[in-house]
Amino acid sequence: MSEKEIDQYRLTDLEEPTDEMLAFIMHEVAEEARRTNEEAHKLYFAQIRELYQQEYGNINGK
């Protein structure tokens, strides 16, 4: 299955997706969710570190 075929397919089409199409779509969604979750996780802890440093100074005591 080509990337063009995947890009042209819409879940609202009257035609059901093939198992291959559905697997590809699900894989892409899972990868995007993993990536955005990792970015949010890094941002969250960076913000916690920043707030801690503002309140208590450098974490390493330097």
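The structure displayed is predicted, hence computed values, not measured ones. Throughout this document, residue positions are counted from 1 along each chain, in the order its sequence is written. Reporting in this predicted model follows two pLDDT cut-offs: at least 70 for local features of residues, and 80 or more for side-chain atom pairs to be given and counted; totals over whole chains, interfaces and linings ignore these cut-offs and use all residues. Water and hydrogen atoms were dropped before computing side-chain values, which therefore reflect all heavy atoms in the structure.

Engineer: I would appreciate a short explanation of the packing of aromatic side chains in the present structure.
Structural biologist: The geometry of two aromatic rings is summed up by the distance between their centres and the angle between their planes. Two aromatic rings, drawn from Phe, Tyr or Trp (for Trp, its six-membered ring), form a pair once their centres lie within 6.5 Å of each other, and the interplanar angle then sorts them: stacked below 30 degrees, edge-to-face above 60, tilted otherwise. Applying the stated criterion to the full structure yields two aromatic pairs. Ring plane angle 45° and centroid distance 4.9 Å describe the contact between Tyr52 and Tyr56, whose orientation is recorded as tilted. Residue Tyr52 and its partner Tyr56 are both found in helix H2 (residues 19-56); the two are separated by four residues, about one turn of the helix. Every helix listed is a DSSP run of H or I at least four residues long, and every strand listed is a run of E at least two residues long, numbered separately from the N terminus.

Engineer: Sorry, what's going on with a nonpolar patch on the surface here?
Structural biologist: Patch definition: residues with relative accessible area over 30% and no salt bridge; like charges joined within 9 Å; nonpolar side chains (Val, Leu, Ile, Met, Phe, Trp, Tyr) joined within 5 Å. Shrake-Rupley sampling with a 1.4 Å probe provides the accessible areas, and residues are treated as covered by the protein chains on show and by no other component. One speaks of a salt bridge when a side-chain nitrogen belonging to Lys or Arg is within 4 Å of a carboxyl oxygen belonging to Asp or Glu. A cluster of nonpolar side chains, Tyr44, Phe45 and Ile48, forms an exposed patch at the surface whose accessible area comes to about 280 Å². Tracing the sequence through the fold places Tyr44 in helix H2. Throughout this description, buried means an accessible area under 20% of the type-specific maximum (1.4 Å probe, protein chains only), exposed means over 50%, and partly exposed covers the range between. Take Tyr44: its relative accessible area is 47%, and that puts it in the partly exposed class.

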